[in-house]
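Residue-level structure breakdown
What follows is each chain in one-letter form.
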Amino acid sequence: MATTTLFTLHLCRFGQSFSKKLFSTSPSSDTLLNPHHVTFHHKLRRPNSSSVPAFFRRFSAVAAASTSGEANYDGIGTADEKYDVIVVGGGHAGCEAALASARLGARTLLLTLNIDRIAWQPCNPAVGGPAKSQLVHEVDALGGEIGKIADRCYLQKRVLNVSRGPAVRALRAQTDKREYAMQMKSVVESTPNLSIREAMVTDILLGKNDNVEGVCTFFGMKFYAPSVVLTTGTFMSGKIWVGRTSMPAGRAGESASHGLTENLQRLGFETDRLKTGTPARVDIRTVDFSGLEPQHGDKEVSWFSFDPDVHIEREQMCCYLTRTTGRTHQIIRDNLHETPTYGGWVEAKGPRYCPSIEDKIVRFQDKESHQIFLEPEGRSVPELYVQGFSTGLPERLQLPLLRTLPGLENCSMLRPAYAVEYDYLPAHQCARSLMTKKIQGLFFSGQINGTTGYEEAAAQGIISGINAARYADGKQLIVLERESSYIGTLIDDLVTKDLREPYRMLTSRSEHRLLLRSDNADSRLTPLAHEIGLIDDRRWKLYQEKQARISEEKKRLRSVRISGGDLAAEVSRVSGQPVRDSSTLESLLKKPHMQYGILDEHGFGNIELSRIEKECVEIDIKYEGFILRQQSQLQQMVTQQHRQLPEDLDYHMITTLSIEAREKLSKVRPQTIGQASRVGGVSPADITALLIVLEANRRKAQEQSRYKIMNAMRAKALEEEVPEVSCTETVSS
Amino acid sequence: MLRASEKPNAVMAHLPALRVLLRHINCLIPPPRTSMPALCTIRATCHFLLLSPKPRKLHATATSKGPENHALLLNRDERVARNVTPSDVVEKGSTIAAIVTSLGGPPAAVGIVRLSGPSAVSVAGRVFRPAKRSKNNDWKPTSHVVEYGVVLDSEGNVIDEVLAVPMLAPKSYTREDVVEIQCHGSEVCLRRVLRTCLEAGATLAQPGEFTLRAFLNGRLDLSQAENVGRLITAKSVAAADAALAGIQACLTRIWFDLILQCNKIWACGGFSSLVRSLRMQCIELLTEIEARLDFEDEMPPLDLNIIMDKIHSMSQDVESALEAENYDRLLQSGLQIAIVGRPNVGKSSLLNAWSKSERAIVTEIAGTTRDVIEASVSVNGIPITLLDTAGIRDTDDVVEKIGVERSEAVARGADLIIMTVSAVEGWTSEDTKLLERIQSAKSSTGSLIPVILAVNKIDCNPRAETDWDRGCQSHDIFSKRVFTCAVTGQGLQDLERAVLELVGLDAIPSGGRQWTVNQRQCEQLVRTKEALERLQSSIKEELPLDFWTIDLRDAALSLGQISGEDISEEVLSNIFGKFCIGK
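Each value, and the rule that gives it
Residues numbered from 1 in each chain as written. Chains lettered and ligands numbered in written order. Predicted model: local features only at pLDDT ≥ 70, side-chain atom pairs only at ≥ 80, totals over all residues. Heavy atoms only, no water. Helix = DSSP H or I, 4+ residues; strand = E, 2+ residues; numbered from the N terminus. Buried < 20%, exposed > 50% of the residue type's maximum accessible area, 1.4 Å probe, protein only. Contact = heavy atoms within 4.5 Å. Areas by Shrake-Rupley, 256 points an atom, 1.4 Å probe, with all protein chains shown as cover. Arc of directions from axis to C-beta. Phe/Tyr/Trp six-rings, centres within 6.5 Å; stacked < 30°, edge-to-face > 60°. Lys NZ or Arg CZ within 6 Å of the ring centre and 35° of its normal. Expected span 1.5 Å × (residues − 1). Polar contact = N/O pair within 3.5 Å; in protein donor to acceptor, adjacent residues only side chain to side chain. Pairing = 2+ DSSP bridges. Patch = residues over 30% accessible without salt bridge, like charges linked within 9 Å, V, L, I, M, F, W, Y side chains within 5 Å. Salt bridge = Lys/Arg side-chain N within 4 Å of Asp/Glu carboxyl O. Domains from an automatic or database assignment. Buried area = accessible area lost by both parts, 1.4 Å probe. Nonpolar A, V, L, I, M, F, W, Y, C, P; charged D, E, K, R; others polar. pLDDT = per-residue confidence, 0-100. Axes fitted to C-alpha atoms, helices over the stretch in contact; angles between N-to-C directions. Core = buried A, V, L, I, M, F, W, Y, C linked by side-chain atoms within 4.5 Å.

Another aspect to go through is the overall build of chain A. The helix and strand tally for chain A stands at 25 helices and 24 strands. A burial count over chain A gives 59% of its 733 residues as buried. Excluding contacts between residues fewer than 6 apart, the proportion of contacts in chain A whose partners are at least 24 apart in sequence is 72%. Accessible surface, chain A: about 29000 Å² in total, of which carbon and sulfur atoms supply 52%.

Next comes the structure, spelled out in structure tokens:
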């Protein structure tokens, strides 16, 4: 135990001084004299003073709790049960969180209900798609795992929106769900600092200062850590429905987790229910694909990960398209009373972007047929995912319904479609670091925050993992601003907006998406990840070399000029615009329909560049004007938007705010002006009022401090001699 | 940054070492020995601006609780940052403009348009041409030195002779760069100058915004600021006026007698329905396009021609609205109103009473006015030329005959006709005849000139008001009917209101409020026009679909004056409402 203590202490100390170096902290009022000195004093102080930072308090609290427990077998096993970070849940959020935390050096424990279901894909085994692929690229740029696993386990890959602009180009991979889970599990199992344990967490253990101390399981085990990440997915009080029949379950065949919701409610958290569902699976061997339209993967495969080590091409599988028929519609119309929504026994409506087949048929009656996608779930599993065909109909009607689809006339059903209802915690209870506002050290990620999708889960997972480790280490937490990334946009939306359905990332949710592209996810986020320690030297070197090549190439294209010749002729043919003599290659690339490939064809390309790098160069040059304009619009806005709001601001006392704004702001407690402006019910006038209050408060504080200085100076004048160091000492003692 | 772009490889290789060194320097510099938070923030900012060798920065901000401190990641794409040269570094914050002298009262000799914000000088430079022109095209004013010159519109026409007073930050009212353009005091002048500034890139100031900026930038004391707060959040005009009185006690040059919730009044403005419909069209187009971006597989392909047609017709709408906009035209050319009627019904008295002058000779003798007499009045800022005409009758008097002909000619050319009759005599057959003559004049020009019936001398026959309806039921050609008395001035306000209603500027409160509301919509249309122009050039350059959404979003934003996030939400619910998507 003693060794752990020392180790943790050392880590804390290291973290503290390290973070001072990394981030220019603007010191808070009582420690502002000299950050360096203050750090020094902190190190030597004993953890009983009132101004001790939270991590010291926590540390002493943990030590006290473990020694005062009823059964204490000193030195035999208790030391093992203390960690820096505990992650509850082994889904896509949990895996990223645990990996990030362990990779940052925190001793991490992953608690999951079933080790065999780590990183399971209970719905469509696919990764990416519009907006979601950006999330995957960003998680990868931060050193996450989802992109690599998807690259390793793909069955089929396609780039969507190829011709619709660089910002909406999206990679989508159909993955092998068994292989995916196994690959992720083996990564999790082989990561140093990371332990796995099967357990059902029922209680959060609290310290004296509203801080988390650990978790308690159903069988009475206690695991201690200063940071706990909850990624409970659909398991908290989960209940699955098929037709009118329901049973408690997190997913079909897996028991739900009970007790945690009540515990969280007792701690003062607001909880609510959400509903989602998954369609039936059919046996691929009973489907006749001969008459169906095949959907092949891309010939030239693209990758989620920026790490070339996982860029290994494999054979692709085919997806197929079928359609609903008149018979399908007939069965549904005849049995509408048997569906939860139209039968009236479930009020909660599913997400708008994932309507059930009965919803589609009722709402769009003029459509005679709806597209249905048939997607394989693995190379070694016979299951076929029937995309676009989720239903709340009872099981006895599901097979007849499936058999109305062309190609599926003789199919056999492996799993019925079902819906799942689960508890979530409206995410306005989290800060943008994903730490809860109520309890220090407690983080939420994934479906517990009301999202849906593996990518959304992974994105939150990596942020909460990073922050859990940093919190345990006494470092500042990381926040990705809305404008920085899709991850930032996702989290900002979650903690600010009032969600009524599971949140799915969509391109239209991002106002500045031209700046948040897949191709520049690394140049936006990898430097940060490198600085905090998630990107190792190998990746960092690869990254720097890539950036250098891109930048060199852009310089080359600016300087090389051509006059006439084949290239000029081709360019003017392709673009329909004349090419002037002595045009730079850059100016050629800016012409409509002109692509880097044409430079290659005429020997003006740079053969040292990879396809991805050429694409980066092309985008940077072709859309330079737009990108710069967006950037400048963003900058104009950001200055004001990023102004911090004090955490203790009493909105009810600000009479210049509208009543609605006072209520909403008190509930959400936004961290910045920009976030406040996005809270529903807050008008521009309210924002102006807030700005005025901030400025007024600042002036008042300034007045007071001026007054204090005056007094201090007067006092100083009275005293005859004041030693040089006294000021520092006063502050630190 | 500069070095990095010149020698990326060399610099990159040394970066880590350099950074460590800089961090140490950073730690060694003793902070100033004060405890003023402001200073500390400035210091913190300076640190990373000056010492960070990389453009991307981790910005740490301290909040009250220890570990809840956040390292904020500003959006800096390293690839873009490498390209940006210092001159590209964008200015922060917008530049606002407004007329800061009072409007709506009697014309002053001089009026002032004020610009404030980081690009105040460059906006002013675009519209202002100093008399002593330097060879360099950029206007580089010396702070607090008045310059004489002219304001030009976008086509290079001189709008007004002005004095420009540059007051560079921080020595100005708002502590930003401020340029005040002193024009001639007529409202037409002021508004045209303001419009030119808006077209050159300034934004119309919100009510109280100069004062707000002054406060937020550290000027004014707290009590004044509270009044600003009240003004900004005032829910009614009366409340705004009350708050204004509070500020005016301390401050001069504030004319922001407006309320922020202009939206509520917009309903009655000239542009509002167009603005609404344009916004809806933008959202619809965004819905169509963005649905395809998010749900590619599930949507029928987009008919680009239809989209392009819609965009084209939208920009035409905007353009024609901006060109033919009633008010704008009126502001520039004014309004011509012909007062016609039989002899001796009190036309000249009406003109004198209205223009508060003795412009026309008034006698008891019928046919006193022989020629067309002009007088100028201003109704809600619109310059109006009143044209008193000879009484129209069949006459043998050669001089009077010419006068009558001129009267008819004037009536034909006027924007509006006030036909005056006498309440004492009631409607006569001559009046019917006269009306026919005017009507024939109308048909010859092909366009309908609105006619107001003014029943004058109402004081001599008060019963006429009730009797009148029976008298002239048939004459529904009159757009309006008012009862006036030129002697007492009774009914003149009704007359003004009738005139405003007829030119489409009804429901106008006093003092130019409505005008400002219109001006805001006008600005919205100007911004929309710019966005649509960019959009059309994107289409012309055959840029991918996603780029169209950028300018459509801009257009929708400028039409709605709400946040971008709201647009996203609106587009999304439209997508889900309209299309069958989702797997």
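Take helix α17 (residues 565–575) of chain A next. All names here are of chain A. All buried positions along α17 are accounted for by L567, A568, E570, V571 and S575. Projection of α17 onto a plane perpendicular to its axis shows the buried side chains occupying an angular sector of 165 degrees, all on one side. In α17, the exposed positions that point more than 90 degrees away from the buried face belong to D566 and R573. In the stretch just after α17, G576 is the one whose phi turns positive, near 70 degrees.

It is worth spelling out the packing of aromatic side chains at this point. Counting across every chain of the model gives eight aromatic pairs over all chains. Aromatic side chains Y154(A) and W303(A) sit 5.9 Å apart centroid to centroid with 80 degrees between the ring planes, which places their arrangement in the edge-to-face category. With Y154(A) in strand β4 (residues 154–160) and W303(A) in the loop between β15 (293–295) and β16 (319–323), this residue pair connects regions lying 149 residues apart in the sequence. For the residue pair Y154(A) and W303(A), the accessibility class agrees, reading buried in each case. A centroid spacing of 5.2 Å and a plane angle of 65 degrees characterise the contact between F128(B) and W139(B), whose relative ring orientation is edge-to-face. Residue F128(B) is located in strand β5 (residues 128–130), and its partner W139(B) is located in the loop between β5 and β6 (147–152); the two are separated by eleven residues in the primary sequence. When sorted by exposure, F128(B) lands in the same class as W139(B), which is buried. Members of the aromatic cluster, connected to one another through ring pairs, are Y623(A), F626(A) and F547(B). The ring of W120(A) carries R117(A) above its face, with NZ or CZ at 4.3 Å from the centroid. Here the guanidinium or amino end of K438(A) rests over the ring plane of F269(A), the centre of that ring lying 5.6 Å away.

A word on helix α7 (residues 177–190) of chain A. In this model α7(A) runs 20 Å from its N-terminal to its C-terminal C-alpha over 14 residues, within 8% of the 20 Å that 1.5 Å per residue would give. The residue sitting at the N-terminus of α7(A) and contributing the capping side-chain oxygen is D176(A); that oxygen lies 3.2 Å from the backbone nitrogen of R178(A).

The next subject is the pairing of strand β17 (residues 371–376) of chain A. All names here are of chain A. Judged by how many residues are buried, β17 sits mostly within the fold: five of six residues are covered. In this structure, β16 lies alongside β17, joined through four bridges in antiparallel fashion. Each bridged residue has a counterpart across the sheet, and for Y320 the counterpart in β17 is L374. In this sheet, strand β18 (residues 383–387) lies alongside β17 in antiparallel orientation, the contact comprising four bridges. Residue pairing across strands places F373 opposite Q387, the latter belonging to β18. Hairpin connection from β17 to β18: six residues lie between these consecutive antiparallel strands.

It is worth spelling out the side chain of T324(A) at this point. Residue and element names in this part refer to chain A. By the secondary structure assignment, T324 is in the loop between β16 and α9 (326–334). A polar contact is formed between the side chain of T324 and the side chain of H329, at a distance of 2.9 Å. Here H370 takes part through its backbone nitrogen, which lies 2.7 Å from a polar atom of the side chain of T324.

With that settled, the discussion passes to a nonpolar patch on the surface. Residues V146(B), Y148(B) and L163(B) make up a contiguous nonpolar surface patch of about 260 Å² in total accessible area. On the basis of relative accessibility, which here comes to 43%, the residue Y148(B) falls in the partly exposed class.

Residue and element names in this part refer to chain A. Domain annotation for chain A reports domain 1 (85–529), domain 2 (536–642) and domain 3 (643–712). Just the C-alpha atoms count here: the centres of domain 1 and domain 2 sit 36 Å apart. Each side of the interface is counted separately: domain 1 has 25 residues, and domain 2 has 23 residues. Both sides together, the interface formed by domain 1 and domain 2 hides about 2000 Å², and carbon and sulfur atoms give 57% of it. Counting the surface domain 1 buries against domain 2, the share from its top three residues, E483, L514 and L515, is 25%. In this structure, the connection of domain 1 to domain 2 is made through seven salt bridges. We note a salt bridge from R538 to D309, for which the minimum N-O separation is 3.2 Å. Our enumeration of links across domain 1 and domain 2 arrives at eight residue pairs in polar contact (both at pLDDT 80 or more). Listed by contribution, the elements that provide at least two residues to the side of domain 1 that touches domain 2 are α5 (132–141) and α15 (521–532). Broken down by element, the residue count for the side of domain 1 that touches domain 2 peaks at four residues, all from α15. For the side of domain 1 that touches domain 2, a count of residues per class yields eight nonpolar, five polar and twelve charged.

Bringing the environment of C354(A) into the picture now. Tracing the sequence through the fold places C354(A) in the loop between α10 (340–343) and α11 (357–363). Sequence separation between C354(A) and P502(A) is 148 residues; the distance between their C-alpha atoms is 9.9 Å.

Residues and elements named next belong to chain A. Overall, the prediction assigns chain A a mean pLDDT of 85, with 87% of residues at 70 or greater. Counting interchain partners and residues more than four positions distant, the pLDDT-below-50 stretch residues 1–70 has 94 contacts. Ignoring residues within four places in sequence, the model shows residues 724–733, a span with pLDDT below 50, making ten contacts including any to other chains.

A few words on the sheet that holds β18(A). Residue and element names in this part refer to chain A. Here six strands make up an open sheet; going across it, the order is β15-β16-β17-β18-β14-β19 and the pairing antiparallel. The open sheet has two edge strands with one neighbour each: β15 and β19 (413–415). Adjacent strand axes in the sheet meet at a mean angle of 35 degrees when their direction is disregarded. Strand contacts of helix α12 (residues 395–402): β14 (281–283), β18 and β19, with the helix running at about 135 degrees to β19, the strand carrying the most contacts.

Mapped onto the elements of the fold, T404(A) is located in the loop between α12 and β19. Sequence-distant contacts of T404(A), defined by excluding residues within four places in its chain, comprise T325(A), R327(A), T328(A) and I331(A).

The next point concerns the pairing of strand β10 (residues 335–341) of chain B. Residues and elements named next belong to chain B. Here β10 lies mainly inside the structure; six of its seven residues are buried. In terms of strand pairing, β10 meets strand β13 (residues 416–422) through five bridges, oriented parallel. Bridging from a neighbouring strand, I339 pairs with I418 of β13.

The next thing to look at is the confidence of the model for chain B. Residues and elements named next belong to chain B. Residues with a pLDDT of 70 or more make up 62% of chain B, whose mean pLDDT is 69. Summarising per-element confidence for chain B, the mean pLDDT is lowest in helix α10 (residues 263–266) (32) and highest in strand β8 (residues 178–184) (91). In this model, residues 1–70 is a region of pLDDT below 50 whose contacts with residues beyond four sequence positions or in other chains number 126 contacts. Here residues 233–269 is modelled with pLDDT under 50, and outside its nearest four sequence neighbours on either side it reaches 80 contacts, counting other chains as well. For this predicted complex, the interface score ipTM comes out at 0.77, alongside a pTM of 0.73.

Residues and elements named next belong to chain A. Considering all chains together, one arrives at 62 salt bridges over all chains under this definition. Measuring nitrogen to oxygen at the nearest pair gives 3.4 Å for the salt bridge that ties R117 to E254. Of the two residues, R117 is situated in the loop between β2 (108–112) and β3 (126–128) and E254 in the loop between β12 (245–248) and α8 (260–266); the sequence distance between them amounts to 137 residues. A residue is classified by how much of its surface remains accessible, and R117, at 29% relative accessible area, is partly exposed. We classify E254 as buried; its relative accessible area is 11%. D473 serves as the salt-bridge partner of K475, at 3.4 Å between the closest nitrogen and oxygen.

Core analysis: the largest hydrophobic core is formed by 109 residues, its most contacted members being I86(A), L230(A), L264(A) and L442(A). It is helix α13 (residues 454–472) of chain A that contributes the most residues to this core, ten residues altogether. In contact with L230(A), not counting residues within four places along its chain, are V88(A), I204(A), L260(A), L264(A), L442(A), F443(A), F444(A), S445(A) and I448(A). Grouped together as the second largest cluster of nonpolar side chains are 38 residues, I311(B), W548(B), V571(B) and L572(B) included.

All names here are of chain A. The sheet built from five strands is open, its strands ordered β6-β2-β1-β10-β21 with parallel pairing. Every other strand in the sheet has two partners, leaving β6 (194–198) and β21 (442–444) as the edge strands with one partner each. Each strand of the sheet is rotated relative to its neighbour by a mean of 20 degrees, with strand direction disregarded. Sheet analysis places strand β1 (residues 85–88) next to β2, joined by four bridges and oriented parallel. By the bridge assignment for β2, V87 is matched with L110. Packing of helix α4 (residues 92–103) onto the sheet brings it into contact with β1, β2, β6 and β10 (227–230), and relative to β2 it is tilted by some 165 degrees.

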